[in-house]
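Analysis of the macromolecular model
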Amino acid sequence: MKWIHAVAWGTVLAGQIGSAGPAVIDEASQLEVQGRFKEAAAVLDHALAGSPLSPGERRQLAFERDRLDRIRKDFPLTQEALFDALRNSLGELTAAEFERWIGEGRFDSREFDGERRFMVSSVSNLYWRHPELNARRLKPQDTAKHDRAVLDSCLAIQRAARTENKPYVLPKRFHVTMTVTAEADAAPAGEPVRCWLPVPRGYPFQSGFQLLATSSPARHLDAETSPIRSVLLEQLAQSGKPTEFRIEYEYTAHGVCFDVKPDQVRACDLGDPALAPFLREGPHIVFTPEMRALSQQIVGGETNPCLKAKRIYDWIAEHIRYSYAIEYCTIRNISDYCRSRGYGDCGQEALLFMTLCRMNGIPARWQSGWNTFPTGKSIHDWCEIYLAPYGWMPVDPYKGIWAMRYAFTLTPEQKRIVRDFYFGGLDQFRMAANSDHCQELTPPKRALRSDTVDFQRGELEWGDHNLYFDKFTYELNVRELK
């Protein structure tokens with residue numbers, strides 16, 4: 001069962017790998033956990049070069065082999081390089097203090113064949129996990145403008161929703177240009193490079209999508225109901241030149257604020273086939289004994305679905321710290337990764353929330369794309385829960401954490417206003433391309449996916465070769481149309 005929990009949620013459950021595959025992957029996985037990466041690679045290389053493999057077996061083993069290299073990319077810093085980076089960021093840092101922090105486990109690190117390496121975002125994550133150190137930053141961050149802008153946005157949407165007596169209010173129209181650029185010679189000259197780019201899907205709060213321009217003719221555009229909506233472009237690589245893909249589009253997004261009254265919420269129909277997929281286990285949503293114990297600790301004897309979900313949301317806001325993440329494709333079980341460490345990024349926090357909700361009979365599903373807030377643009381993940389009779393409503397666990405831990409210039413009451421708003425509320429500054437996680441692109445990639453869970457930055461390939469994130473850059477420019 002150990003290997004099943006670690007790997008099975010994916011192509012293995014689809015029956016694509018033979019009886020030898022699990023044993024090989026389990027052996028390589030144990031070597032990887034022990035830091036013996038060269039030996040793990042040798043085990044997988046031997047299996048790939050050995051007896052005939054089915055396409056499913058070969059693809060799964062190839063992913064496991066590539067995963068070893070992906071993990072290395074997330075941990076590039078030596079101890080000396082990390083110390084130098086910290087000294088350039090943090091005042092009055094001593095070697096003794098740094099050594100103590102390493103001993104306390106303040107930095108994510110991995111051992112690679114006898115050498116300890118540290119996670120690429122170790123400096124930033126030190127401040128996220130220990131916000132008291134922000135006072136020692138050599139270049140302190142002024143968050144007041146952003147904090148106030150988020151608060152004002154929440155209050156405006158709340159007022160409009162109450163005045164108009166409806167959840168979708170204050171629409172904004174946006175013009176977006178997304179550019180993805182593969183580095184020069186990432187693909188051989190003359191080879192077609194294919195690029196999938198995320199675009200807004202249809203939602204009650206998001207509509208009016210218009211694709212205005214593309215750098216090359218669109219080969220495919222998903223229907224607005226796609227759970228992972230993309231547009232596919234293709235261009236020939238040129239020797240010594242980067243390959244650029246660009247799209248322009250417009251769409252309209254509404255602010256969201258559900259006025260949920262817990263005493264009117266009833267248990268959902270557990271037999272509803274439309275809700276069933278969002279009540280059960282799945283990729284990165286595993287009902288482990290540890291997760292069940294946490295659920296009991298948080299929910300206790302509460303029976304109201306709304307109050308159960310709010311208890312889970314508030315617990316995460318109070319107990320989970322934000323941290324930049326390693327790539328999702330390298331993590332076996334994201335929700336438990338977040339639970340066991342007590343920190344995670346927006347998507348990891350969302351999957352933890354979703355897991356706890358589903359365990360308690362509350363349908364929960366993924367939602368992701370971009371946060372386009374003018375003072376805080378970034379790729380972003382959040383989720384939705386289903387509460388009868390209200391239907392699907394947004395929940396952004398990260399914003400609850402941000403409000404309570406990192407909105408330094410807001411008062412305690414203002415922090416609670418923001419936290420509570422994002423349980424059933426959403427600002428207009430979102431571009432939502434996905435309604436579920438671990439979904440397949442259309443048409444599917446021939447190569448391995450760079451992100452096997454989410455879809456925000458784009459996916460590139462030439463032939464059956466994937467272009468990983470270190471081979472391309474991405475940029476999203478957003479302009480609100482007045």
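For the structure itself, look to the data block above.
Residues numbered from 1 in each chain as written. Predicted model: local features only at pLDDT ≥ 70, side-chain atom pairs only at ≥ 80, totals over all residues. Heavy atoms only, no water.

Structural notes on the overall build of the protein chain
This is how it is decided: Secondary structure elements are defined from DSSP: runs of H or I of at least 4 residues count as helices, runs of E of at least 2 residues count as strands, and each element is numbered from the N terminus. Atoms counted for the radius of gyration: C-alpha only. Globule rule: 2.2 Å times the number of residues to the power 0.38. For every residue, the accessible area obtained with a 1.4 Å probe (protein chains only) is divided by the maximum for its type, and the residue is called buried under 20%, exposed over 50%, and partly exposed between those limits. Throughout, the Shrake-Rupley method with a 1.4 Å probe supplies accessible areas, and for residues the shown protein chains are the sole cover considered. The charge count treats Lys and Arg as positive and Asp and Glu as negative. His and the chain ends do not count. Where a charge lies is defined by one atom per residue type, namely NZ (Lys), CZ (Arg), CG (Asp) and CD (Glu).
Across its full length, the protein chain holds 14 helices and 18 strands. Against the compact-globule benchmark of 23 Å for 482 residues, the protein chain has a radius of gyration of 23 Å, which places it among compact chains. By residue count, 55% of the 482 residues in the protein chain fall in the buried class. Carbon and sulfur atoms provide 50% of the accessible area of the protein chain, an area that totals close to 20,700 Å². Positive and negative side-chain charges in the protein chain, numbering 60 and 63 respectively, have mean positions lying 3 Å apart.

Quick look at the environment of Arg-219
For clarity, the cut-off: Here, residues are in contact when the closest pair of their heavy atoms is within 4.5 Å. Identification of polar contacts relies on pairs of N or O atoms within 3.5 Å, with a donor-acceptor requirement for protein atoms, meaning one able to donate a hydrogen and the other able to accept it, and with residues adjacent in sequence counted only if both atoms are side-chain atoms.
Structurally, Arg-219 can be placed in the loop between β5 (206-214) and β6 (220-221). Among residues more than four places away in sequence, those in contact with Arg-219 are Leu-232, Leu-233 and Glu-234. Reaching out from Arg-219, the side chain makes a polar contact with the side chain of Glu-234 at a distance of 3.0 Å.

Examining the sheet that holds strand β15 (residues 430-434)
The criterion, for reference: For two strands to be treated as a pair, DSSP must find at least two bridges joining them. As a rule, the C-alpha atoms of each element are fitted with a line to give its axis, helices using only the stretch in contact, and angles between N-to-C directions run from 0 to 180 degrees.
Spatially, the four strands line up as an open sheet ordered β13-β12-β11-β15, and their pairing is antiparallel. Every interior strand has two partners, whereas the edge strands, β13 (391-395) and β15, have only one. Each strand of the sheet is rotated relative to its neighbour by a mean of 40°, with strand direction disregarded. Pairing of strand β12 (residues 378-387) with β13 involves five bridges; the strand directions are antiparallel. In the sheet register, Glu-384 faces β13, and the bridge partner there is Pro-394.

Points about the pattern of salt bridges
Which entries qualify depends on this criterion: By salt bridge we mean one thing: a side-chain nitrogen of Lys or Arg within 4 Å of a carboxyl oxygen of Asp or Glu.
This model, assessed by the stated rule, comprises 41 salt bridges. We note a salt bridge from Glu-183 to Lys-471, for which the minimum N-O separation is 3.5 Å. Highlighted residues: Glu-183 in the loop between β3 (168-182) and β4 (192-198) and Lys-471 in the loop between β17 (465-467) and β18 (472-481), separated in sequence by 288 residues. According to the relative accessible area criterion, Glu-183 is partly exposed, its value standing at 36%. For Lys-471, a relative accessible area of 33% corresponds to the partly exposed category. Among the ionic pairs, Lys-310 bridges to Asp-314, the shortest N-O distance being 2.8 Å. One end of the pair, Lys-310, and the other, Asp-314, are both in helix α10 (residues 305-319), four residues apart, so they sit about a helical turn from each other.

Things to note about the sheet that holds β17
Taken in spatial order, the five strands of this open sheet run β6-β7-β4-β16-β17, and their pairing is antiparallel. Since the sheet does not close on itself, it has two edges, and those belong to β6 and β17, each with one partner. Relative to strand β7 (residues 230-236), β4 runs antiparallel, the two sharing seven bridges. For Cys-195, the partnering residue across the bridge sits in β7 and is Leu-233.

Section: the pairing of β15
Of all five residues that make up β15, five are buried, and the element is covered over most of its length. Examined bridge by bridge, strand β11 (residues 364-371) and β15 share four bridges and lie antiparallel to one another. From the neighbouring strand, Asn-371 faces β15, where its bridge partner is Arg-430.

Looking at the packing of helix α13 (residues 397-406) against helix α14 (residues 412-421)
Keep this limit in mind: Relative orientations are named as follows: roughly parallel for angles under 35 degrees, roughly antiparallel for angles over 145 degrees, roughly perpendicular for angles from 65 to 115 degrees, and oblique for any other angle. By the convention adopted, Pro, Cys, Tyr, Trp, Phe, Met, Ile, Leu, Val and Ala count as nonpolar, Lys, Arg, Asp and Glu as charged, and the other residues, Gly among them, as polar.
It is the contact of α13 with α14, at a shortest axis distance of 8 Å, that shows an interaxial angle of 175°. Between α13 and α14, the angle is such that the two are roughly antiparallel. For the pair α13 and α14, the contacting residues are Gly-400, Trp-402, Ala-403 and Met-404 in the first and Lys-415, Arg-416, Val-418 and Arg-419 in the second. Classifying every residue of the contact of α13 with α14 by side-chain character gives four nonpolar, one polar and three charged.

Let's talk about the side chain of Asp-436
Relative to the elements of secondary structure, Asp-436 occurs in the loop between β15 and β16 (459-462). The buried charged residue Asp-436 lacks any salt bridge, with Arg-358 as its nearest oppositely charged partner at 4.9 Å. Side-chain polar atoms of Asp-436 contact the side chain of His-437, separated by 3.5 Å. Separated by 3.3 Å, the side chains of Asp-436 and Gln-439 make a polar contact. Residues within four places of Asp-436 in sequence aside, it is in contact with Pro-227, Phe-278 and Trp-366.

Comments concerning the nonpolar core
Most often, soluble globular proteins keep nonpolar side chains buried together rather than apart. This is how it is decided: By nonpolar core is meant a set of buried Ala, Val, Leu, Ile, Met, Phe, Trp, Tyr and Cys residues that side-chain atoms within 4.5 Å join together.
Judged by nonpolar contacts, the single largest core of 119 residues is most densely connected at Leu-197, Tyr-249, Phe-353, Ile-385, Val-418 and Leu-460. The leading source of residues in this core is helix α12 (residues 346-359), at nine residues. Excluding its chain neighbours within four sequence positions, the residues that come into contact with Tyr-249 are Phe-174, His-175, Val-176, Pro-198, Val-199, Pro-200, Phe-209, Gln-210, Leu-211, Leu-212, Met-431 and Leu-476. Within the second largest apolar cluster, 14 residues are counted, among which are Leu-82, Leu-90, Trp-101 and Phe-118.

Notes on the environment of Leu-126
Checked against the element boundaries, Leu-126 lands in helix α7 (residues 122-129). For Leu-126, a relative accessible area of 0% corresponds to the buried category. A sequence separation of 175 residues divides Leu-126 from Gly-301, and the C-alpha atoms of the two residues are 37 Å apart. Other than its neighbours up to four places away in sequence, Leu-126 contacts Leu-86, Leu-90, Trp-101, Arg-106, Phe-107 and Leu-133.

Some words on the packing of aromatic side chains
The following threshold applies: Put simply, two rings from Phe, Tyr or Trp (the six-membered ring, in Trp's case) pair if the centres are within 6.5 Å, and we call them stacked under 30 degrees between planes, edge-to-face over 60, tilted for the rest. Over a ring means this: the NZ of a Lys or the CZ of an Arg is within 6 Å of the ring centre and within 35 degrees of the ring normal.
Tallying each qualifying case throughout the model produces 26 aromatic pairs. Here the aromatic rings of Trp-128 and Tyr-406 are separated by 4.8 Å at their centres, their planes lie at 85°, and the arrangement is edge-to-face. Placement of Trp-128 in helix α7 and of Tyr-406 in helix α13 is noted, with a sequence separation of 278 residues between them. Comparing Trp-128 with Tyr-406 shows no difference in burial state: the two are buried. The interplanar angle of 15° and the centroid separation of 4.9 Å between the aromatic rings of Tyr-203 and Phe-205 together place this pair among those described as stacked. Taking relative accessible area as the criterion, Tyr-203 reaches 8% and is therefore assigned buried. Every member of this aromatic cluster is reached through a ring pair, and the members are Trp-128, Tyr-322, Tyr-324, Tyr-398, Tyr-406 and Phe-408. Seen from the ring of Tyr-203, Arg-201 lies directly overhead, with NZ or CZ sitting 4.6 Å from the centre. One cation-aromatic arrangement involves Lys-399 over Trp-402; the distance from NZ or CZ to the ring centre is 4.3 Å.

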